[in-house]
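# A look at the structure
Letter by letter, the chains look like this.
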Amino acid sequence: MSISLPFPFPAGESRSDGLPLLRVDAAADPVDWIGRQRDVLRAALVEHGAAMVRGLGLRDPAALGMILHRLGASPVTEKEAFAPRQNYVDGVYSSATWPANQPMCMHHELSYALTFPSLLLFACLGAPTTGGATAVADSAAVLDALPPAVSGRFAREGWLLTRSYGNDIGASAAEAFGTDDRDGIESYCRANAIAFAWQPDGTLHTRQRRSAVLSHPVTGRRCWFNQIAFLNEWTIDPEIREYLLAEYGADGLPFNTFHGNGDPLSPETVQLINTVYEAHTVRRPWQTGDLLLVDNLRTAHSREAFQGPREVIVAMGEPLRPNDCSPTIEVTVP
């Protein structure tokens, strides 16, 4: 099968209608097919930021790991996970553990880390009965659409992420840092500009300040790259938020975000960011065997609530550092 750019849309569709979609009529070997179409797929990511391939018939995590390799991307090992995952092969993980009836808001994978994947590959091994789409949004367009008073302050100050490990909510310190050794955790935190404090009850509290805006290393476009809204307390379901506050207190929330100077975010600011995301969101329901390619810097992604079994796995590749992307706030480490 031969294809050429621009990456095709189904008849009658445009970028505003959904993800660009390539249908593969027959691919006896999906890994080999991806390898032969590597340049086309790479160009599609540069042009669109995300694209879906339908008809590959992907069925197992090992194939996704091989596809990551055929695309020329080195795997990224996840650190600082906010929710537990299963690691299948190098760089390939299960979806983050998250209630099926709760959506995951728009975010960029590991945008709070000093090394993040610039390429994400999502494979649907089993589509849900309803819902569950992995939607995407253009982060450069989101930045342009945000009011300058909001985006400008975050550009000047960055954003602050606080986390509390050890309250049986979210990833444990061992799951997030890959070790339960305190010395190892502290060494990682020091090397990654994360302030930490062990509490008398054994829980670990951390704080890290990051740039909210980066420039894409290929296109040069400035992108809204963070998890300010997703990991903020005002995005949590109100009943769950009230329970967490009553049980653990404001400082014991599993995660929360602030302005870069430590000022709290108002519910209105968080709602505004999520509203702008929704205005720029495109989505396409999963079908079993689909492959979704995402430029993690150019494109935010989310997960809709769903019903029925859903198995979507992700491969993370092509490590990139914020300081190599013209951050508005540069992080220095010892």
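Only a predicted model underlies this, so the values are computations on that prediction, with no experimental measurement involved.

Conventions adopted
Residues numbered from 1 in each chain as written. Predicted model: local features only at pLDDT ≥ 70, side-chain atom pairs only at ≥ 80, totals over all residues. Heavy atoms only, no water. Helix = DSSP H or I, 4+ residues; strand = E, 2+ residues; numbered from the N terminus. 1 Å grid on protein atoms, 1.4 Å probe; cavity = no way out; pocket = protein on both sides within 12 Å on 5 of 7 lines; lining within 4 Å. Points joined across faces, edges and corners; volume = space filled by probe spheres on them. Pairing = 2+ DSSP bridges. Salt bridge = Lys/Arg side-chain N within 4 Å of Asp/Glu carboxyl O. Buried < 20%, exposed > 50% of the residue type's maximum accessible area, 1.4 Å probe, protein only. Axes fitted to C-alpha atoms, helices over the stretch in contact; angles between N-to-C directions. Contact = heavy atoms within 4.5 Å. Phe/Tyr/Trp six-rings, centres within 6.5 Å; stacked < 30°, edge-to-face > 60°. Nonpolar A, V, L, I, M, F, W, Y, C, P; charged D, E, K, R; others polar.

## Details of unusual backbone geometry
- Phi at Glu80 takes a positive value of approximately 65 degrees, unusual for a residue other than glycine.
- Inspection of the secondary structure assignment puts Glu80 in the loop between α3 (61-70) and β3 (87-89).
- Its identity is not glycine, yet Leu110 carries a phi of approximately 55 degrees, on the positive side.
- Among the secondary structure elements, Leu110 is positioned in the loop between β5 (104-107) and β6 (116-126).

## Re the layout of surface pockets
- Counted as a void, the largest pocket has a volume near 430 Å³.
- What lines the largest pocket is a set of 19 residues, and nearest its centre among them are Trp98, Pro99, Ile236, Ile240 and Phe255.

## Observations concerning the sheet that holds strand β8 (residues 136-138)
- One open sheet holds the 4 strands; their spatial order is β5-β17-β8-β15, and the pairing between them is antiparallel. Two strands in the sheet have a free side with no partner beyond their single neighbour: β5 and β15 (281-282).
- Bridging between β5 and strand β17 (residues 299-303) involves 2 bridges; their strand directions are antiparallel. When the bridges of β17 are listed, Met104 appears paired with Arg303.

## Remarks on the pattern of salt bridges
- On inspection of all chains with the given rule, the structure shows 13 salt bridges.
- Across the pair Arg85 and Glu109 runs a salt bridge whose closest N-O atoms are separated by 2.6 Å. Taken together, the residues span a long stretch of sequence, with Arg85 in the loop between α3 and β3 and Glu109 in the loop between β5 and β6 at a distance of 24 residues.
- Among the residues examined, Glu109 registers a relative accessible area of 3% and is labelled buried.
- Where salt bridges share partners, they join Glu78, Arg85 and Glu109 into one cluster.

## What about the sheet that holds β6?
- Pairing is mixed across the open sheet formed by 7 strands, whose spatial order is β1-β2-β16-β6-β19-β4-β3. Where the open sheet ends on each side, the last strands, each with one partner, are β1 (21-23) and β3. The average undirected angle you get between the axes of adjacent strands in this sheet is 25 degrees.
- Pairing of β6 with strand β19 (residues 311-320), which is carried by 9 bridges, proceeds in the antiparallel orientation. Its bridge partner lying in β19, Phe122 is registered against Val314.
- Here α3 sits on the sheet and contacts β3, β4 (92-94), β6, β16 (291-295) and β19; the angle it forms with β19, its principal contact strand, is near 25 degrees.

## Regarding the packing of aromatic side chains
- Under the defined criterion, the tally for this structure stands at 8 aromatic pairs.
- Relative to Phe225, the ring of Phe116 lies with its centre 4.6 Å away and its plane at 45 degrees, an arrangement referred to as tilted. On the criterion of sequence distance, the pair formed by Phe116 in strand β6 and Phe225 in the loop between β13 (222-224) and α8 (238-248) is long-range, its members being 109 residues apart. The two residues Phe116 and Phe225 agree in class, both being buried.
- Aromatic pair Tyr165 and Phe177: ring centres 5.4 Å apart, planes at 55 degrees, arrangement tilted. Of this pair, Tyr165 sits in strand β9 (residues 159-165) while Phe177 sits in helix α6 (residues 173-177); the two residues are 12 residues apart in sequence, bridging distant segments of the chain. Residues Tyr165 and Phe177 agree in their burial class; the two are buried.
- One aromatic cluster in this structure is built from Phe82, Trp98, Phe230 and Phe255.

## Let's talk about empty space enclosed by the protein
- A complete count under the given rule lists 3 cavities of 30 Å³ or more for this structure.
- Along the wall of the largest cavity there are 16 residues; nearest its centre are Ser95, Ala96, Met104, Phe122 and His301.
- Looking at the lining of the largest cavity, the elements that each hand over two or more residues are β5, β17 and β19.
- The space that makes up the second largest cavity amounts to roughly 40 Å³.
- Around the second largest cavity, the lining residues are Ser111, Arg210, Ser211, Leu214, Phe225, Pro322, Ile329 and Val331.
- Considered class by class, the residues forming the lining of the second largest cavity number 5 nonpolar, 2 polar and 1 charged.

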